[in-house]
Amino acid sequence: MASNSIGWGKCSIIVKELDNPTAKWTKLPTPKENTTKLNPTKGDKKEAPIEGGENEAVKYSANKYVVEYVLRRLQGRKKPFADTNGIVAKHYAIFIQPENIAVPGPRVDDTVVSLADEFSTEEGGILTYNHDALKPDTGNIVKWCTTTKDLSTVKEGATINDADITFVDVDV
């Protein structure tokens, strides 16, 4: 399989504030290398055992998801989200576009954002963001999407109107 058909490499991230109906998608800075992740937590497993140790039934609860990435503190760069001691008050949608834009990336329609503001002499200032996914009105929590808009050509902090970006859910 050719390496250009895999969703690895330098990604682009856009976010959209959900508490403001006129908000646009905003391009985030390029994250620190190898820090952008979609972390699932498998849903709880419930078993109905019977005599002899076999299960009569098994049921799982829904998975939970967190999108995580790290941004560097640079001269002149401000935090992309207003926070109070690591708590971001507003809800955001997020989309991660892989380097190869033909490969689907995860989109989460509603997240709660938190921040760990860190510093070390090895790394300098870093901002670790977590987007805890919330159940959407419709569909899966994580939607795997493509868009024909190449987000790598969009400058950090630039905004994109909803009309200028169309997401295609590859699993629908």
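Residues numbered from 1 in each chain as written. Predicted model: local features only at pLDDT ≥ 70, side-chain atom pairs only at ≥ 80, totals over all residues. Heavy atoms only, no water.

One can find Thr 138 in the loop between strand E9 (124–133) and strand E10 (142–146). Between the C-alpha atom of Thr 138 and that of Asn 20, which follows or precedes it by 118 residues, the distance is 20 Å. (Helix = DSSP H or I, 4+ residues; strand = E, 2+ residues; numbered from the N terminus.)

Turning our eyes to something else, we now look at the environment of Arg 77. Structurally, Arg 77 is set in the loop between strand E6 (64–72) and strand E7 (87–97). Separated by 48 residues in the primary sequence, Arg 77 and Pro 29 have C-alpha atoms spaced 9.0 Å apart. Once residues within four sequence positions are removed from consideration, Arg 77 is found in contact with Pro 29, Arg 72 and Glu 156. (Contact = heavy atoms within 4.5 Å.)

Moving on to the packing of aromatic side chains. Applying the stated criterion across every chain yields a total of five aromatic pairs. Relative to Tyr 129, the ring of Phe 81 lies with its centre 5.1 Å away and its plane at 65°, an arrangement referred to as edge-to-face. Of this pair, Phe 81 sits in the loop between E6 and E7 while Tyr 129 sits in strand E9, placing them 48 residues apart in sequence. Just as Phe 81 is buried, Tyr 129 falls in that class too. (Phe/Tyr/Trp six-rings, centres within 6.5 Å; stacked < 30°, edge-to-face > 60°. Buried < 20%, exposed > 50% of the residue type's maximum accessible area, 1.4 Å probe, protein only.)

To continue, consider the pattern of salt bridges. Considering all chains together, one arrives at 11 salt bridges under this definition. Between Glu 123 and Arg 72 there is a salt bridge, and its shortest N-O distance comes to 3.0 Å. In this pair, Glu 123 is assigned in the loop between strand E8 (105–120) and E9 and Arg 72 in strand E6, connecting sequence segments 51 residues apart. Owing to a relative accessible area of 28%, Glu 123 belongs among the partly exposed residues under this scheme. Look at Arg 72 and you get partly exposed, because its relative accessible area is 33%. In this structure, a network of salt bridges that share partners links the residues Arg 73, Lys 79, Asp 83 and Asp 117. (Salt bridge = Lys/Arg side-chain N within 4 Å of Asp/Glu carboxyl O.)

Phi at Asn 34 is positive, roughly 60°, even though this residue is not glycine. If you check the backbone angles, Asn 85 has positive phi at about 50° while not being a glycine. When you line up the elements, Asn 85 lands in the loop between E6 and E7. The exposure class assigned to Asn 85 is exposed, which follows from its relative accessible area of 77%.

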